[in-house]
Every structure is written in C-alpha cells, then in structure tokens.
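Coordinate inspection notes
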There are 2 protein chains.
Amino acid sequence: MAIRIGIYGYGNLGRGVELAVKQRKDMEVVGVFTRRDPNTVQTYGAPVFFTDDALKMTDKIDVMILCGGSSTDLPKQTPFLAEYFNVVDSFDTHAKIPEHFKNVDEQAKKGGKTALISVGWDPGTFSLARLYAGAFLPDGKDYTFWGKGVSQGHSDAIRRIDGVQDAKQYTIPVESAVELVRTGKNPDLTTREKHERECFVVAKDGADKERIEREIKTMPNYFADYNTTVHFIPQEELNEKHGGLPHGGVVIRTGATGEKNENKHVIEYSLKLDSNSEFTSSVLVTFARALYRMNADGVVGCKTVFDVPPIYLSDKSREEVIASLL
Amino acid sequence: MAIRIGIYGYGNLGRGVELAVKQRKDMEVVGVFTRRDPNTVQTYGAPVFFTDDALKMTDKIDVMILCGGSSTDLPKQTPFLAEYFNVVDSFDTHAKIPEHFKNVDEQAKKGGKTALISVGWDPGTFSLARLYAGAFLPDGKDYTFWGKGVSQGHSDAIRRIDGVQDAKQYTIPVESAVELVRTGKNPDLTTREKHERECFVVAKDGADKERIEREIKTMPNYFADYNTTVHFIPQEELNEKHGGLPHGGVVIRTGATGEKNENKHVIEYSLKLDSNSEFTSSVLVTFARALYRMNADGVVGCKTVFDVPPIYLSDKSREEVIASLL
C-alpha cells in the first residue's frame, strides 16, 4: 500500500511536493489543503480540501507535508498539526529552530506522532553535509557558500523601494574565497568576502535610477555588508532571462590528520539546482517516506534529518541497496 | 567514560586509527593486536598484544576496529571476532559484500553484538552520497569517478613485471567525461572514457623499457581497457615526488523534476585526500563511536553505514548539533 501524503499549503513548494510524489511509486497524494476556496485551486490531479477539514482526515493520511512559509505559517501550523498527524516541514529560520523544535516536540508527543522539522537543502542536506564532514575531520573547519541563485527575500526587498517595478537578486559566492577555503588555510572571511549580490531591476517610467541604486546598496542587513552590482533592464528582459528560481551552493570542510597534522583533506558537498522549490519539495517527500517508517518503528516526538537512518530514505530493499549502492 | 577501542592489525590503516582516536576526546585505544611479536611493534603509545590474546579482553574493549586487508584477512577475521566484540571493518571488495554481510551478521547475532562492515570512503561515504542523492532525485543517474590518486593494487601489478624496480600508478578521472556528466545528459561511458592511468616506473639497470611499457599497457583488467601513460624516472624522483598516498574522487548525480522534467539538478560529493589510509581510518573511528551507541540501544547483528543515524557520529550533544549544524 502506498504511503498516503497530505499537502498543507499549495504554493510553489506544495506544487513541487505533488510532482515529487508522482515520481515515487510507493507514495500517493490523498489531499491538498488550502486556505483558499478549494474550487479555485488547480492541482496536478490531487483532490483539494479546505484546511479546516484536515482534522476529519487523520485516518486517511500517513504523513502531512507542511508547505507554508517559515515566518508566520509554520511556527503555528507545525506544532498544531503535529498532535494529529506525522508531519514534515521545511522551517528554515536557523536562529529559531531550537524553539520550533521544542514546540513541535511537545505536541507530537502529546499525540503520539512523529515529526521532522527543517527539511530541505539548507537546513537539510547541507546540514547533513556539515555533520558528516565535521565528524570525519574534527580538526578542521567548514564553510557554507550559497549560490549562484535567486534570493526571494532580497528580490522582495528591492521591489519595495519606491520607483521599482520588478527585480531579481542573485547571491553569488566570491570565487577567490571558495578557492582560498579549498586550500585548507581556514581563513576568517567577512560577509563581504564570502558573497556578492547582483541585482536586475526594472525601474518605473521616470524613476530616479541613481537614488534606487543608492537605496539598494545601502540597505542594512540585505545589501550594505556586500559588494552589490545593480543593472537596470527592461521588464521583457527580466521575464525572459531571469524568470526561474535557480539556486545551489557548496559546503566545504577542510581538516587535517596525521602525527603532526601533516595530511590535509577536503570534503565538498555541492548542489546546482534549476528550481530551488522543486528540489526542496523532493527532499521533503523523501524524508516523508523515512518518517513513515520511523513512525512504524514506534519513534515518537520531534526529530531532525540527523536522526534519520539513511536507508529509510530509499525505496529499494536492504539487499538491493547493499548490492547496488554500497 | 571514554569509548574503549581495540585495533586489530597494525599497518597503515591501524596506525591511522590510533592517530584518529587521539583526535577525539571521547575515545581511547586500549590495545593494538598484531600477529607479529608485540615487542617489535612501535605504536604512538598504545599497548601492543598478540592477536590470540584479544579474546581474553572482551570486557575491556567497547569496539574492535579491524585493520586487515579485504582479500584474505577480513573475510575470516570479521565474522570470527563479531561473536565476541562489536566490530567495524573496511571490507571493500564490492562484489563480495553481500556474502561478507551474511557471514558477519550470523556471528554477531550469535554473540549478541553489533557489527558494521564496509566503512571508509568507497565503500563508505561515497555509498552514502549515492544513496542520499538517488533518493532525492529518483529520476536521474549517478556516476562515481576516482582520483586523482594512487592505486596501490595497480602499483603492485607494475612492480611484479620483470625489470621493474619500483612504480607508482595514478588513477585520473577524464575531465571531459566529468564535465559531460555534470550537464545532466546521462551519457553511457566506457571504462576508457571515464578514467586514465598514469604510471611512474623505475626500471632496473639494463632493463628493456619498451617491453616494460608494452607489458603495462596490455595488462588485462589492470591497464588494457584504459588510456595509459608510462614515464620512466629515477628512484630518487619517485621517492621525492611520488612518496604519498593521495586519493579522492567524486560522486555526481544528475536528475530532473517538474511537470515535464524541465528542471535539472546536480548533486556532487567530492573528496580530495592527502592520505587515503588516514582518511579511511578517521571514517572508521567515527563510525565506531556510532556503533557503540547503537549497541547501547540494543541493536544486534550486522549493519552498514546506511543504518547509522547521522547524529550518532557526532561528539556534540543534540542541542549543540541542532543549534550549530542544522
């Protein structure tokens, strides 16, 4: 019997989850849950329900995948649903993960359910890369570089500037910094030295481009600490050349072994993604499979990607995995 | 209390294990076991015992790390010791892993112990990279490239040729093949297209170099299926420039997501190692920590790296791991 998946929230991430489930023969989507009028939501085939109806379907859903945002949706939704469903979310506000973990853990234990938070690529697969590499090379240091990719938060920040019609912002690792890290010299790098920001901006007719550029480059937190380049382009060019949501990055750990630490080693884990949200969705769905199995084992409470035995992620049998992947 | 480690076999790998344990505050080596006269074995401080004395020390060792070879040592030693100790080995004869697993599993269950086989980087961390990436991108294909690095088996094969005094062989990925794989075109690559072999050979005085080169290049299994380059150099140059045992490689998986598979993704995991054996040792020791914890959980029988929850590899607390790595 297929693992029955519910999708709670149906934006880019929710749509990606529905497509990712279609790629996996052992899983099926039994319902998409939305705050909108269900009749107005077009899926790739999954039935649509109003969010309030979810609690009537606790016996029809093995794992609920939460596809809301980290700022306001997930801090409330994940703990609430964790009492009634096995849940997976992609909560990515790094600083608030310990608090979110605690809230979800309490509710999951109350309901005797299993929960998995902060699943995706960072946090997610990059977190795993950091944990493995750090354990193998304790005498070392790791660095995470993001990009080249579109940061939606930074693109939004530019769009809020007066006179801006549309914008897309790329985060780009500074190649010389990446190369320096690979040498194993464990450099101390400032924010400015690690990443640069490139902005493609469509200005409204008659807007003061110099002012817009200045406002972007001096914006605290978002741009002021980075070397930022601003290009003004027509809307058509933005649509044509900057329509996607590519992203990626690399986790690099360098470390030393030997009697006098004379041998250096470099471990790298990198991603190059055409679609940030679809890859995140694929990771969520894969961990939903593992969560289903952990729940069947009797695991209760909130867990993270660090707790998941890798074999639970695969749809292959133990014999097949040992013969073909080990 | 520190995790008490035994080292069974004391060559390059065993020495690396002793050094790797020194890097980890929560572990200690309580004994090195050798088939040689213990008085002739110089360690970095660990006491040395004759292999036959190991069974008298079952209550003093939490995990025995086996550091013998895969061809003749481990197929006998790991099943034998698995009845009396929690054991970790680096068995790397891929085709025989299922058989080895079965033998070790039977003995570990007989003794109520936990065993972990085929730990290192391939099999080992590369296996994990293949499993994770394959689960995240089921509609895709993966490729493993090895090198640039020294293959000891191939170096030995050259040394057995008449007239050869010494030799070192490097396995090198064909860069154009690696680049082609990264495009996501899922090429079918022959053995020759994936790797090339470069040999540095010291010929004995008066030896026929043309014949040696011909014998190398036509050697079945080892060289005949590859583009091979042979350089004759003096012994001093071999010692000076080719004394180390560097290795490494990369696992690349490309896959697609989306309604029409329109979005391509590339996952890469790569290693660049100054010392093949010392990195393998570090991985063995890290998994010995995890094995100790799995045994404490009541896990019995033979397991693989796929069964190990990543958090068990870290010496950090759950809170610290969540706050600093997730």
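Here, the structure is the one placed above.
**What about the pattern of salt bridges?**
When the charged atoms of two side chains lie near each other, side chains of opposite charge can form a pair. Under the counting rule described, the total for this entry stands at 37 salt bridges over all chains. Note that A:Asp307 and B:Arg318 form a salt bridge whose closest N and O atoms lie 2.5 Å from each other. Residue A:Asp307 is found in the loop between β14 (301–303) and α11 (318–324), and its partner B:Arg318 is found in helix α11 (residues 318–324); the two belong to separate chains. Of the residues examined, B:Arg318 reaches a relative accessible area of 27% and is grouped as partly exposed. Residues B:Glu213 and B:Lys217 are paired through a salt bridge, measuring 2.9 Å at the closest nitrogen-oxygen approach. With B:Glu213 and B:Lys217 both in helix α8 (residues 209–217) and four residues apart, the pair spans about one turn of that helix. Three or more residues are tied together by salt bridges with common partners; here these are A:Glu175, A:Glu179, A:Arg182 and A:Glu268.

**Concerning the relation of the copies chain B and chain A**
Its rotation angle being 180°, the transformation that places chain B on chain A also includes 0.0 Å of axial translation and leaves an RMSD of 0.0 Å. As the rotation angle and translation indicate, the two copies are arranged about a two-fold axis. Take the interface residues of chain B: 100% of them recur as interface residues in chain A, which is what a same-surface contact looks like.

**Description of the pairing of strand β9 (residues 164–173) of chain B**
Residue and element names in this part refer to chain B. Burial within β9 is extensive, with nine of its 10 residues counted as buried. Bridge count for strand β8 (residues 149–150) against β9 is two bridges, and the pairing is antiparallel. Bridge pairing in β9 links Gly149 to Thr171. Taken together, the nine bridges between β9 and strand β10 (residues 195–203) define a ladder with antiparallel strand orientation. Bridge assignment links Lys168 to a residue of β10, and that residue is Phe200.

**Some details on the packing of aromatic side chains**
This structure, assessed with the given rule, holds 19 aromatic pairs over all chains. Members of the aromatic cluster, each reached through a chain of ring pairs, are A:Tyr132, A:Phe136, A:Phe279, A:Phe287, B:Tyr132, B:Phe136, B:Phe279 and B:Phe287. Over the aromatic face of A:Tyr226 sits the side chain of A:Arg197, whose NZ or CZ is 4.0 Å from the ring centroid.

**Re helix α3 (residues 97–111) of chain B**
The end-to-end C-alpha separation of α3(B) is 21 Å, in line with the 21 Å expected for 15 residues at 1.5 Å each. All of the buried residues in α3(B) are B:Ile97, B:His100, B:Phe101, B:Val104, B:Asp105, B:Gln107 and B:Ala108. Elements that come into contact with the buried residues of α3(B) comprise α11 of chain A together with α2 (73–82), β6 (114–116) and β14 (301–303) of chain B. Immediately downstream of α3(B), the backbone of B:Gly112 shows phi near 70°, a positive value.

**Observations concerning the sheet that holds strand β7 (residues 140–146) of chain B**
Taken together, six strands build an open sheet; the order of strands is β7(A)-β12(A)-β13(A)-β13(B)-β12(B)-β7(B) and the sheet is antiparallel. Each of the sheet's edge strands pairs with one partner strand only, and the pair in question is β7 (140–146) of chain A together with β7 of chain B. The sheet shows a mean angle of 10° between the axes of neighbouring strands, taken without regard to direction. Looking at chain direction, strand β12 (residues 247–257) of chain B and strand β13 (residues 263–273) of chain B are connected through 11 bridges and run antiparallel. Of the residues in β13(B), the one forming a bridge with B:Val251 is B:Tyr269.

Scoring rules and cut-offs
Residues numbered from 1 in each chain as written. Chains lettered and ligands numbered in written order. Predicted model: local features only at pLDDT ≥ 70, side-chain atom pairs only at ≥ 80, totals over all residues. Heavy atoms only, no water. Salt bridge = Lys/Arg side-chain N within 4 Å of Asp/Glu carboxyl O. Helix = DSSP H or I, 4+ residues; strand = E, 2+ residues; numbered from the N terminus. Buried < 20%, exposed > 50% of the residue type's maximum accessible area, 1.4 Å probe, protein only. Least-squares fit on C-alpha atoms with pLDDT ≥ 70 in both. Contact = heavy atoms within 4.5 Å. Pairing = 2+ DSSP bridges. Phe/Tyr/Trp six-rings, centres within 6.5 Å; stacked < 30°, edge-to-face > 60°. Lys NZ or Arg CZ within 6 Å of the ring centre and 35° of its normal. Expected span 1.5 Å × (residues − 1). Axes fitted to C-alpha atoms, helices over the stretch in contact; angles between N-to-C directions.

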